[in-house]
Amino acid sequence: MTWEERWHPLREEWVIVAAHRQDRPWSGGTVVHGEEALPDYVDDCYLCPGNTRVSGKVNPQYTQTFVFDNDHPSVSQNAPLDLPKPSGIYRNRPARGIARVVCYSPKHNLTLGELEPAEIENLLRVWQEQYLDLGSRPEIAHVLIFENKGEAVGVSNPHPHCQIYANNFVFKTIETEARVSRRHLAETGRVLFQDIIAAEKQDERRIIAENDSVIAFLPYFARYAYEVFVAPKQTHPSIATLSDAEVRDFADVLKKVLVKFDNLWQMPFPYVMPLHQAPTDGGDYGAFHFHIEFHPPLRKPNLLKYLAGPEIGGGNFLSDTSPQEKAAELRAQPAVHYKHRSAPEEEK
Ligand SMILES: [Zn+2]
Ligand SMILES: [Zn+2]
């Protein structure tokens, strides 16, 4: 087993090499095919309460959330320290870190958007605790919390859960956001993300949901058709400092966005959802504004946005949809989850 980081000198970023992961046994990969009604417990799901995971560990009979160390981590506290030295200018180092899994609910067949607001609030508090717990460790430079949802992003198990990578380096996107935020503050005296929110509020057409302290919008500069950002209106470098009222408001807006996503095609809506939070390496991140980003890979129910020449080859996105039209589609979605609507309303 190797947990190694290799420096990419042309991109100036670390590549994580976890060579043992290719053959990780994904037992319990119960495949969901759109419409099929799923049971709320599946006996071969490695995330359901009471089940045994591939590591041999048994899940407790949890009733809300359940956090555990990933059985097949891509970073580890046990990363071997004596790596073979690479040749020439090449650099490597052990991929030290902690990888965890957070189950959102004991119920196998729910999506995040179907949880009650109080359950989403509880999850936000778990994210606060995890950021503080992992981020306070001296060897951890950054805590990346993210959910991969749906077969379109390679997740076959629908059991609602997210992952946490607490790493010894700062991920590239976060590093960029931190750098430009710091520069913007120095140049203008303002927080960059506050200026983004102000521009979205001025235009109004791409705002998906909003309450007193939290806003969700499909940004002017969206790279994906249904890309949505969710952020507190006050600047917090991480989720950890949100007040109780802000946590409540955040759960409210998050749920509204997720219900609209699921309603769009009346299916569990696939996405990659990272929390963008300030690094925990002791740097100056006062200008960093915590937010959640949704990167949905689908343009239509069966049409994937393929990353190809411009994106993979060049590194910039080519978007062939209009953000305000896609925002209008989401804004038009009803506020009640399609699974919870009464039968006559289903006629369409
Ligand atoms: Zn399950
Ligand atoms: Zn971001």
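Residues numbered from 1 in each chain as written. Chains lettered and ligands numbered in written order. Predicted model: local features only at pLDDT ≥ 70, side-chain atom pairs only at ≥ 80, totals over all residues.

This paragraph deals with the sheet that holds strand β11 (residues 271–276). A sheet is described by the order of its strands in space; here nine strands give the open sequence β3-β5-β7-β6-β11-β12-β10-β9-β8, paired in antiparallel fashion. Looking at strand neighbours, the two that pair on one side only are β3 (66–69) and β8 (207–210), the edges of this open sheet. When strand polarity is set aside, the average angle formed by the axes of neighbouring strands in this sheet is 20°. Packing of helix α1 (residues 117–135) onto the sheet brings it into contact with β3, β5 (97–103), β6 (142–149), β7 (161–167) and β11, and relative to β6 it is tilted by some 140°. (Pairing = 2+ DSSP bridges. Helix = DSSP H or I, 4+ residues; strand = E, 2+ residues; numbered from the N terminus. Axes fitted to C-alpha atoms, helices over the stretch in contact; angles between N-to-C directions. Contact = placed C-beta atoms within 7 Å.)

So, about the pairing of strand β1 (residues 4–8). With five bridges connecting them, β1 and strand β2 (residues 13–17) associate as antiparallel partners. Bridged to Glu4 within β2 is Val17. What sits between the antiparallel neighbours β1 and β2 is a turn of four residues, in which Glu12 has the positive phi angle 55°.

Bridge analysis of strand β10 (residues 228–232) against strand β12 (residues 291–294) gives three bridges, and the strand direction is antiparallel. For Phe229, the partnering residue across the bridge sits in β12 and is Glu293. Judged from the two bridges that link them, β11 and β12 form a sheet pairing that is antiparallel. What sits directly across from Leu275, in β12, is Ile292.

The next subject is helix α3 (residues 192–203). Given 3.6 residues per helical turn, the α-helix brings residues three or four places apart onto the same face. Taking 1.5 Å of rise per residue, 12 residues should cover 16 Å, and α3 covers 17 Å from first to last C-alpha, within 8% of that figure. Within α3 the residues assigned to the buried category are Leu192, Phe193, Ile197 and Glu200. Projected onto a plane normal to the axis of α3, the buried residues spread over an arc of 140° and lie on a single side. For α3, the exposed residues lying more than 90 degrees away from the buried face are Asp195, Ala198 and Gln202. Taken together, the buried residues of α3 touch α2 (172–188), β8, β9 (214–217), β10 and β12. Looking one or two residues beyond α3, the residue adopting positive phi is Glu204, at roughly 75°. (Expected span 1.5 Å × (residues − 1). Buried ≥ 20, exposed ≤ 12 C-beta atoms within 10 Å, placed from the backbone. Arc of directions from axis to C-beta.)

This part is about the packing of α1 against helix α4 (residues 244–264). α4 packs onto α1 with a crossing angle of 120° between their chain directions and a minimal axis gap of 9 Å. The angle between α1 and α4 places the two elements in the oblique class. With respect to the hand of their crossing, α1 and α4 are arranged in right-handed fashion. Residues Pro117, Ile120, Glu121, Leu124 and Arg125 of α1 pack against Val247, Arg248, Phe250, Ala251, Asp252, Leu254 and Lys255 of α4. Class assignment for the residues of the contact of α1 with α4 results in seven nonpolar, no polar and five charged. (Parallel < 35°, antiparallel > 145°, perpendicular 65-115°, else oblique. Left-handed = near helix turned anticlockwise from the far one by under 90°. Nonpolar A, V, L, I, M, F, W, Y, C, P; charged D, E, K, R; others polar.)

Counting residues in each nonpolar core, the largest one holds 79 residues, and the members touching the most others are Ile208, Ala216, Val228, Val230 and Val257. The element that contributes the greatest number of residues to this core is α4, accounting for 10 residues. Among the domains, domain 1 (4–167) and domain 2 (173–306 + 313–335) are the pair contributing at least three residues each to this core. Not counting the four nearest positions on each side in its chain, Ala216 is found in contact with Ile208, Ala209, Glu210, Val228, Phe229, Val230, Val253 and Val257. (Core = buried A, V, L, I, M, F, W, Y, C linked by C-beta atoms within 7 Å. Domains from an automatic or database assignment.)

The next point concerns the domain arrangement of the chain. Frequently, the measure chosen for interface size is the accessible area that the parts lose on association. One can read the domain layout of the chain as domain 1 (4–167) and domain 2 (173–306 + 313–335). Using C-alpha coordinates to define each centre, domain 1 is positioned 22 Å away from domain 2. Taken residue by residue, the interface counts 28 residues in domain 1 and 30 residues in domain 2. Those elements giving two or more residues to the side of domain 1 that touches domain 2 turn out to be α1 and β6. The biggest single contributor to the side of domain 1 that touches domain 2 is α1, with 10 residues. Broken down by class, the residue content of the side of domain 1 that touches domain 2 amounts to 16 nonpolar, eight polar and four charged.

Our next topic: the sheet that holds β1. Strands sit in the order β2-β1-β4 across an open sheet of three strands; the sheet is antiparallel. The two strands at the open ends of the sheet, each matched to only one other strand, are β2 and β4 (92–94). Neighbour to neighbour, the strand axes of the sheet diverge by 30° on average, direction disregarded.

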